[in-house]
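Structural description and commentary
As a plain string of letters, each chain reads:
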Amino acid sequence: MERRGSAVEPQSGLPSPGPRDALLVPDSHMDSFGKQHVVDVLTEEMEEGSLEQFGALEDNEWRDTVQLYKQEKTLLRYYLFEGLRYVWLDRKGAFCRVSVLNEDWTCMELYNFQNGLSHLEQSLRRRVYGPNLIDVPVKSYTKLLFEEVLNPFYVFQVVSVILWMIDLYYYYATCILIISFLSIGISLYKIRKQSITLRNMARLVTNVTVRRNSGEEERVSSVELVPGDCIIIPQEGMLLPCDAAVLAGECLVNESMLTGESVPVLKTPLPAGDGRYSSESERRHTLFCGTQLIQAKGGRPGDGGAVAVVTSTGFFTAKGNLVSSILYPQPTNFRFYQDSVKFLLILSVVALIGTIYSFVVLFQTDVTWMVLVLRSLDIVTIVVPPALPAAMTAGIIYAQGRLKKQGVFCVSPLRINICGKVSLFCFDKTGTLTEEGLDVWGVMEAGHAGFSQLVSDPRLLPPGPMLSGLACCHTVTLLRGQPLGDPLELKMFESTGWTLWEPEGDKTVLDAEFGGHRVLAVMRPPTDEGTSSSETVAIVQRFPFSSALQRMSVVTVGRGGRSALAFIKGSPEMVASLCREDTVPAQFSSKLRSFSSEGLRVLALGYKPLDENTDLKTIEREAVEKDMQFLGFLVMKNLVKPESAKVISILRRAELRTIMVTGDNILTAVSVAKTCGMVGTDEKVIFVNATPHTAQSMPTLRFNLGDEGAPQSSIEVITQILYQGSFGYHLAINGKSFAALCDHFPEYLPKVLMRTTVFARMAPDQKTQLVKELQKLNYRVGMCGDGANDCGALRAADVGVSLSEAEASVASPFTSKVGNITCVPLLIREGRCALITSFSLFRYMALYSLIQFCSVLILYTVRSQMADLQFLFCDLGLVTLLAVVMGTGGPSKELHRRRPPASLLALPVLGSLFIHTCTVILGQVSALLITTSQDWYVPVNSTRSTTSNLPNMEDTSVFALSGFQYIIMAVVLTKGYPHKKPLYHNVPFLCLLLVLFAVMTWLVLNPGPFMRKYLELYNITDMNYKLLLVALAALNFLICFIVEVLIDLGILNCFRLLRQNRSSKKRYKRLNVILSDTLTWPPLNQTLSPAEHTIISLS
């Protein structure tokens, strides 16, 4: 159990304290990953009677009154964990996040804070909530050094160095010590530099204007802000130091740091109501910490600005969540990392066997007990390579550098390896697969006789509600005179030819002009001839677009406050459901289907006159958005990005499944799926329709072909051909059916997920749910999106890619500055390259240890050993240099259909290591036997110790061949095709190989007296013998190379035939086999109920 007193950053999950007195003993905290931590509980004495001032806590559930020295004292008990404050709640009998004290606030309660807090109440809240700081502690070098040295890797290094020093390996021990100090120094510098950079990014202290309950306004430090404080947003904007809900006025905000959205967002006042406030559901009314407020207006009489109430501070804010995700990323459940630990345990067993063998061999040589213990322990330092963890990250570091050059930034480098195992990729539609901007295709008005003809230019519409709705129903605002807003709304507004004017300075005159209503913006029709009959209107109320609601609305008035109208704009199905049935034309569905099937984006508009006695300032959204009159369709063309079809084709050829997840209409989504190649021209689309349980009907599930106009006989023929497997098919489902499927047909959910390509009308939380459901099928899920609606899914996915101008956002581990999906195959290729590199380096470091292990044991057997500088040459001159440049080769240009392996304990990996180790032993023993068979051979003196026998012929021969083996294995284990470029593309590695081969050949054939002296090599003059050693090394290379090629071709798979056929461990693969063998799936044109199902067992 880890002890962490007051570290920084939040993590969800409540602690599980015991019933003991938290004042006297440290408590335990369980984080969201199931890990226990020990924390120190702190106390703070509060003034008697001060608690009653805390209006939100009238039940005093969090305080604790104890008897100390026969005097009652009110104590606040709390602890800090990763920056978050947890307070003791008597009623719950547990420590809970301090945010629970304000998480049940309603919107109306937030409005009650508009008058401000008193100094006393603010002071009390500050003591409970703590300072408003996202403070990343930067540890001193001394503390960092202490923590780093306690790392198991460095502890092992220290023990090894001490062992070598005692054993008189001075040169080798000194070099390793110097390298370790350099490594630690560089590591400490980087850690501290990253901490300082993160602290500078996270720490935000500024002065803020706060309103007090006395009516006064005062400037205070942002550190003093607490939930409930009423703050004044200046007209020129500011960098927000907390999360806050807008109560009055409108704010234009740049949220790219959090969501990746490059377009500023307009924030409007929070609707007053009894509903519980949530920053997620009320995003359009919430200002998030760390975002840049560009301008504020309409919130205060006389001058500009806005009024907001603080809802979260410190690490409980959105920015605090971002910093937390960087410091404490979600643990990666990746098999490669799990197997690496198991593999080290296997090497430890090998080390134990070697230790026992060396002990027995050396015991027979009558060496001292000291030498016996030292030599035996030395085996452990050889078999378990200390540099293994560092070598494993080399491929990731190189890949991260290459990605950065391509405009892809990564805040979680360990996920690069996971990119190599992605089996399914989800894509948002608008702005990701299609262009962000839309072009107006036309407007079709509705009337009593049905729909009119499509009008291609909205300027040609006659004056009336439709034209006014197009001109007014939006959140477009002005910034320095230029219209700014959502690209779709900009296109719609600009197509009308109307102009937008926003009031500045004293607005009382303007408000009076429009009946005394608070004017947000004035919309003026064009002054051209023939269009003057439209009158100027003022927008006096806005209800912004919500992805969950799929609509937005505004309220407008004419001059003098006349003609108050409410307009609504949103998805056609949603708008139609809010309009009176008699105003929706009978051709609604057929027209919508016609437009959507052509890939056009369709929005619907509605309106209604408002009663002149209605209070437009306090009118609620629910009252506005009901009993509307249907106006018609706005049809927009959303072009597919030219890169999308090419990328989807690359992914499908690589047998990577692609899915579209969008909030758009299902027919539009299907059309785009066909255009970009997700659905082939010869493949059918089957629509999944699920209905929930209602008072009138039971839940139902149907699978219908998209060809609704086809006769019944034709459908039956198509159904028969489908069941015969003559053509492929894709399922398409919308958000409502997806929700009903999850709730009422969970047994069908895995089967539907296996075959569905289009998910339409999906709310943001449904996108997140979909990613998690796919992960339950053991898919490695990737997600690519571009906006706030995708944040949840991007973070839930194994690999989330945000298309954004920002270098990093809270949305995802990866952020691409390239505005299209070409980054997806690039990321997968780099992930595969990094994973293959990590595999190669892991195996190479393991074989390097085994080569040296074999050399030492063979030499111990003949009462010899390797010289100190021979160890140094092999470890630093050969292995370290080779390991550094092995990973520099880039990824293959093509995406292969076969994914790289992720298991180190698979048969090909273990079989390869076993065969190569046998070859190594055979080669070294052969070199020794060849040496002993020579006429000039002189055996070692058996009466002397291993060290004093140097130089000798046995050591020289084994050193010569083992030196070649280190280089040979680097060549053999460096994988190229299909996931990396061939070896000859890695120029630094190739040049190093040639140099090291030349050096080893020189050391074997003619090292010269200087190298012989320092490496303690025996002077053998027989050139034929030396050439024979080089030839033996060449033969060793040939055998190992052929073995590795045969293993890559699957020769070891024959051993799998000896065992029974086992189904795949991946659930989606087992399910795919079952569905392929089920001839009646999907059950077309049948109405299924929850009682009529066949459960597929995957156990």
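The coordinates are above.
Below: a short report on this structure.

**Brief notes about the overall build of the chain**
Looking only at helices and strands, one finds 33 helices and 39 strands in the chain. Within the chain, the proportion of its 1099 residues that are buried is 55%. Here the analysis covers contacts within the chain between residues at least 6 apart in sequence; of these, 73% occur between residues at least 24 apart. Accessible area of the chain: about 47400 Å², with a carbon and sulfur share of 57%.

**Examining the packing of helix 8 (residues 335–363) against helix 9 (residues 369–383)**
The contact between helix 8 and helix 9 brings their axes to 8 Å, and the two run at 155 degrees. As the angle between them shows, helix 8 and helix 9 are arranged roughly antiparallel. In the crossing of helix 8 with helix 9, the sense of the turn from one axis to the other is right-handed. Here Leu347, Val350, Ala351, Gly354, Thr355, Ser358, Phe359, Leu362 and Phe363 of helix 8 lie close against helix 9, whose contacting residues are Trp369, Leu372, Arg375, Ser376, Ile379, Val380 and Val383. For the contact of helix 8 with helix 9, the class distribution of residues is eleven nonpolar, four polar and one charged.

**Points about the nonpolar core**
Counting residues in hydrophobic clusters, the biggest one holds 131 residues, and the most contacted among them are Phe427, Phe814, Val824, Tyr844 and Leu882. The biggest single contributor to this core is helix 26 (residues 823–861), with 24 residues. With sequence-adjacent residues up to four places away left out, Val824 is seen in contact with Phe425, Phe427, Leu651 and Cys784. Counting 42 residues, the second-largest nonpolar core is a separate cluster that includes Leu731, Tyr748, Val752 and Phe759.

**Looking at the packing of aromatic side chains**
Summed over all chains, the structure comprises 23 aromatic pairs. Centre to centre, the rings of Trp936 and Tyr1025 are 5.0 Å apart; their planes meet at 80 degrees, and the pair counts as edge-to-face. Taken together, the residues span a long stretch of sequence, with Trp936 in the loop between helix 28 (907–932) and helix 29 (953–973) and Tyr1025 in helix 32 (residues 1023–1048) at a distance of 89 residues. In this structure Trp936 comes out as partly exposed when scored by relative accessible area, which is 27%.

**Some remarks on unusual backbone geometry**
Although it is not a glycine, Asn778 adopts a positive phi angle of roughly 75 degrees. Positive phi outside glycine occurs at Arg863, with the angle close to 60 degrees. Along the chain, Arg863 turns up in the loop between helix 26 and helix 27 (868–886). Judged by relative accessible area, Arg863 falls into the partly exposed class, the value being 24%.

**Considering the state of the cysteines**
Considering all chains together, one arrives at zero disulfides under this definition. Between Cys854, a free cysteine, and Cys918, which holds the nearest cysteine sulfur, the sulfur-to-sulfur gap is 8.9 Å.

**Some words on helix 24 (residues 764–776)**
The terminal C-alpha atoms of helix 24 lie 19 Å apart, and with 13 residues this matches the ideal 18 Å at 1.5 Å per residue to within 8%. Taken residue by residue, helix 24 has Gln766, Lys767, Thr768, Leu770, Val771, Glu773 and Leu774 as its buried positions.

**Focus on the pattern of salt bridges**
Counted by the stated rule, this structure contains 22 salt bridges. For the salt bridge of Arg212 with Asp229, the shortest nitrogen-to-oxygen distance reads 3.5 Å. Of this pair, Arg212 sits in the loop between strand 9 (207–211) and strand 10 (217–221) while Asp229 sits in the loop between strand 10 and strand 11 (230–233); the two residues are 17 residues apart in sequence, bridging distant segments of the chain. Overall, the relative accessible area of 4% leaves Arg212 in the buried class. Put simply, Glu535 and Arg562 hold a salt bridge, and the shortest N to O gap is 3.9 Å.

**Side note on helix 14 (residues 487–496)**
In terms of burial, helix 14 is a largely internal element, eight of the ten residues being buried. Those residues of helix 14 that fall on the buried side of the exposure criterion are Pro487, Leu488, Glu489, Leu490, Met492, Phe493, Ser495 and Thr496. A distance of 2.9 Å separates the backbone nitrogen of Leu488 from a side-chain oxygen at the start of helix 14, and that oxygen is part of Asp486. One or two positions beyond helix 14, positive phi appears at Gly497, with a value near 80 degrees.

**A word on the pairing of strand 17 (residues 292–297)**
Here strand 12 (residues 238–239) pairs with strand 17 via two bridges, running antiparallel. Bridge pairing in strand 17 places Met238 opposite Leu293.

**Describing the sheet that holds strand 17**
Spatially, 12-17-14-15 is the arrangement adopted by the four strands of the open sheet, whose pairing is antiparallel. Each edge of the open sheet is held by one strand with a lone partner, namely strand 12 and strand 15 (265–267). When strand 14 (residues 250–254) meets strand 17, the two strands line up antiparallel, connected through five bridges. From the neighbouring strand, Glu250 faces strand 17, where its bridge partner is Lys297.

**Let's talk about the side chain of Asp798**
In this fold, Asp798 is placed in the loop between helix 25 (791–796) and strand 38 (799–803). A relative accessible area of 13% places Asp798 in the buried class. At a separation of 3.2 Å, a polar atom in the side chain of Asp798 contacts the side chain of Arg780. Setting aside anything within four residues of it in sequence, one finds Asp798 in contact with Arg415, Ile418, Gln775, Tyr779, Arg780 and Val781.

**Let's talk about the pairing of strand 20 (residues 424–427)**
For a regular strand, the rule is simple: side chains alternate between the two faces of the sheet. Covered by surrounding structure in strand 20 are Leu424 and Cys426 together with Phe425 and Phe427, the residues of both alternating faces. As judged from the four bridges shared by strand 20 and strand 32 (residues 657–661), these two strands associate in the parallel manner. Note that in strand 32 the partner of Phe425 across the bridge is Thr658. Where strand 20 meets strand 37 (residues 781–785), four bridges bridge the pair, whose relative direction is parallel. Bridging across to strand 37, Phe425 finds its partner in Gly782.

**Examining the environment of Leu177**
Within the secondary structure, Leu177 sits in helix 5 (residues 170–202). For Leu177, a relative accessible area of 32% translates into the label partly exposed. In sequence terms Leu177 and Val161 are 16 residues apart; their C-alpha atoms lie 6.9 Å from each other.

**Thoughts on the side chain of Arg780**
Mapped onto the elements, Arg780 comes out in the loop between helix 24 and strand 37. Classification of Arg780 as buried rests on a relative accessible area of 19%.

**Observations regarding the packing of helix 11 (residues 394–405) against helix 26**
Look at helix 11 against helix 26: their axes get within 8 Å of each other, and the N-to-C directions meet at 155 degrees. For the element pair helix 11 / helix 26, the angle class is roughly antiparallel. When you trace helix 11 past helix 26, the crossing you get is right-handed. Here Ala394, Gly395, Ile396, Ala399, Arg402 and Leu403 of helix 11 lie close against helix 26, whose contacting residues are Leu826, Leu827, Glu830, Cys833, Ala834, Thr837 and Leu841. In the contact of helix 11 with helix 26, the residues fall into nine nonpolar, two polar and two charged.

Quick notes on the rules
- Residues numbered from 1 in each chain as written.
- Predicted model: local features only at pLDDT ≥ 70, side-chain atom pairs only at ≥ 80, totals over all residues.
- Heavy atoms only, no water.
- Helix = DSSP H or I, 4+ residues; strand = E, 2+ residues; numbered from the N terminus.
- Buried < 20%, exposed > 50% of the residue type's maximum accessible area, 1.4 Å probe, protein only.
- Contact = heavy atoms within 4.5 Å.
- Areas by Shrake-Rupley, 256 points an atom, 1.4 Å probe, with all protein chains shown as cover.
- Axes fitted to C-alpha atoms, helices over the stretch in contact; angles between N-to-C directions.
- Parallel < 35°, antiparallel > 145°, perpendicular 65-115°, else oblique.
- Left-handed = near helix turned anticlockwise from the far one by under 90°.
- Nonpolar A, V, L, I, M, F, W, Y, C, P; charged D, E, K, R; others polar.
- Core = buried A, V, L, I, M, F, W, Y, C linked by side-chain atoms within 4.5 Å.
- Phe/Tyr/Trp six-rings, centres within 6.5 Å; stacked < 30°, edge-to-face > 60°.
- Disulfide = S-S within 2.5 Å.
- Expected span 1.5 Å × (residues − 1).
- Salt bridge = Lys/Arg side-chain N within 4 Å of Asp/Glu carboxyl O.
- Polar contact = N/O pair within 3.5 Å; in protein donor to acceptor, adjacent residues only side chain to side chain.
- Pairing = 2+ DSSP bridges.

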